Amino acid sequence: FALMPSPSSFPPDCLTKALDAVVMQNSSIDRQEIAISLSEIDETGTVRAIHHNPDKTFLTASVIKLFWLAFAGHHLEQTKTEPSEEFQRAASDMIRISSNDATGYIVNATTGAHPGPELPPDDYRAWLEKRQAANRWFAGLGYTGLNVLHRTYNEGSYGVERQAMGKDLEHRNRIHSAGTVRLMTEIMLGRIVKPQRCNWMQALLKRANPADDPEADSQAKNFIGGALPKGAQLWSKAGWTSTNRHDVACFTLPGKGRFVLCILTSYGNRETIVTDIARAVIAEITD
C-alpha cells in the first residue's frame, strides 16, 4: 500500500486553504489541534493522499471501532470461520450504533483477553500478550504510532483493563489521521484482508447520505456526511467524547470520483467542527 504524493484531481494546498476558511470563521480554533488526511482512489485502485498533521496522535473515541472491525475481519480469516449470529450482531452494533458493549464482545472474541479483576504480574503479562494481538497485527502490516489495545467504555475501565491503561492512563488507545485514512482506504479497496471480508466490513460501514435521506443517522448527519452533496455515497465511522471529535469516511462525489477523508480534532464540544472542515475540504476539491 502506498500513498502517492501530488494528487492529480485536487491541489496540494487544499487542506491548508480549507483550514484557513474554518479558522477565519472562528479564530479560537488552533489548527495544531486538528489533523486531516485526504486520499483519492482512482479507477485503477491507485491511491494518492495529502495530509495536515498526519502523525499527531489523538485519543481515539469510537473511531477505534474501525480498527477492531478490521481485526475482526482478520480473526475470521485466520480462524476460517463465518461470523456467528451473535458475532454479526455485535459487529453491526459496534459500527452502526457505536455500541460500547458490542465493542467489548468483539475485543473479547478476537483476543481472548476478557475483562475481570486485576491480576498478579505473571498472569497479567499473559493476559496482556493476548490483548496486544491487534497491535501486533497492525504493526506487521506496517502501521506505526498507533495503540489498538482497549475496547470502549460507558463509564471507564476496571480491574485488569484499568491495569492495562497504566498508572497515569498513559497506555490509552491512540490513533493518527495517516493511519486511519490508510485503514479505511485499504478496507474500501479490499486489501486489508481478503476481498470477501472487506465486503463484509463495507456493508457495515455504509450509511445513508443526509442530503438524500432525512432518516440518515447521527454519525452521518453530524460529521463528514453532513457536508456531502446530493447523489454522494457514504461509508464512515465517527467518534466523539468531551475532549475529541473525529470522523473517517469514504465518499463518492458525483462526477469527481472516490475519496477517503479523516478528520481528528481536540474539540469535543464543538458539534459542527468536523462537518465545517469537511465542507471546506469538499469545496476545495470540487472547485
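These numbers come from a predicted model, not from an experiment.

About the thresholds
- Residues numbered from 1 in each chain as written.
- Predicted model: local features only at pLDDT ≥ 70, side-chain atom pairs only at ≥ 80, totals over all residues.
- Heavy atoms only, no water.
- Pairing = 2+ DSSP bridges.
- Helix = DSSP H or I, 4+ residues; strand = E, 2+ residues; numbered from the N terminus.
- Contact = heavy atoms within 4.5 Å.
- Phe/Tyr/Trp six-rings, centres within 6.5 Å; stacked < 30°, edge-to-face > 60°.
- Buried < 20%, exposed > 50% of the residue type's maximum accessible area, 1.4 Å probe, protein only.
- Lys NZ or Arg CZ within 6 Å of the ring centre and 35° of its normal.
- Axes fitted to C-alpha atoms, helices over the stretch in contact; angles between N-to-C directions.
- Parallel < 35°, antiparallel > 145°, perpendicular 65-115°, else oblique.
- Left-handed = near helix turned anticlockwise from the far one by under 90°.
- Nonpolar A, V, L, I, M, F, W, Y, C, P; charged D, E, K, R; others polar.

## What to know about the sheet that holds strand β7 (residues 245–253)
Strands in a sheet are paired, the pairing made by backbone hydrogen bonds, and the direction either parallel or antiparallel. Strand order in this open sheet of six strands is β2-β1-β8-β7-β6-β5, and the pairing throughout is antiparallel. Each edge of the open sheet is held by one strand with a lone partner, namely β2 (47–52) and β5 (206–207). Summarising the sheet, strand β1 (residues 34–41) and strand β8 (residues 257–265) pair through eight bridges and their orientation is antiparallel. If you follow Ile-41 over to β8, its bridge partner there is Arg-258.

## A few points about the environment of Thr-103
For Thr-103, the position within the fold is in helix α4 (residues 100–111). Sequence separation between Thr-103 and Thr-46 is 57 residues, and the spatial gap between their C-alpha atoms is 32 Å. Every residue in contact with Thr-103, bar those within four places of it in the chain, is listed here: Lys-65, Trp-68, Met-94, Arg-151 and Thr-152.

## Section: the packing of aromatic side chains
Throughout the structure, instances matching the rule amount to 10 aromatic pairs. Taken together, a centroid distance of 5.4 Å and an interplanar angle of 65° make the contact between Phe-67 and Phe-138 edge-to-face. Of this pair, Phe-67 sits in helix α2 (residues 64–79) while Phe-138 is found in helix α6 (residues 133–140), placing the two residues 71 residues apart along the sequence. A relative accessible area of 0% places Phe-67 in the buried class. Classification of Phe-138 as buried rests on a relative accessible area of 2%. One aromatic cluster is present, built from ring pairs that chain together Phe-67, Trp-68, Phe-71, Trp-137, Phe-138 and Tyr-143. Cation over ring: Lys-56 sits above Phe-58, and NZ or CZ is 5.4 Å from the ring centre.

## Remarks on the packing of helix α3 (residues 85–96) against helix α9 (residues 195–205)
At a closest axis distance of 9 Å, the pairing of α3 and α9 adopts a crossing angle of 50°. Looking at the two axes, α3 sits oblique to α9. In this structure, the crossing between α3 and α9 has a hand that is right-handed. Residues Phe-87, Gln-88, Ala-91, Ser-92, Ile-95 and Arg-96 of α3 form the contact with α9, whose participating residues are Trp-200, Ala-203, Leu-204 and Leu-205. For the contact of α3 with α9, the class distribution of residues is seven nonpolar, two polar and one charged.

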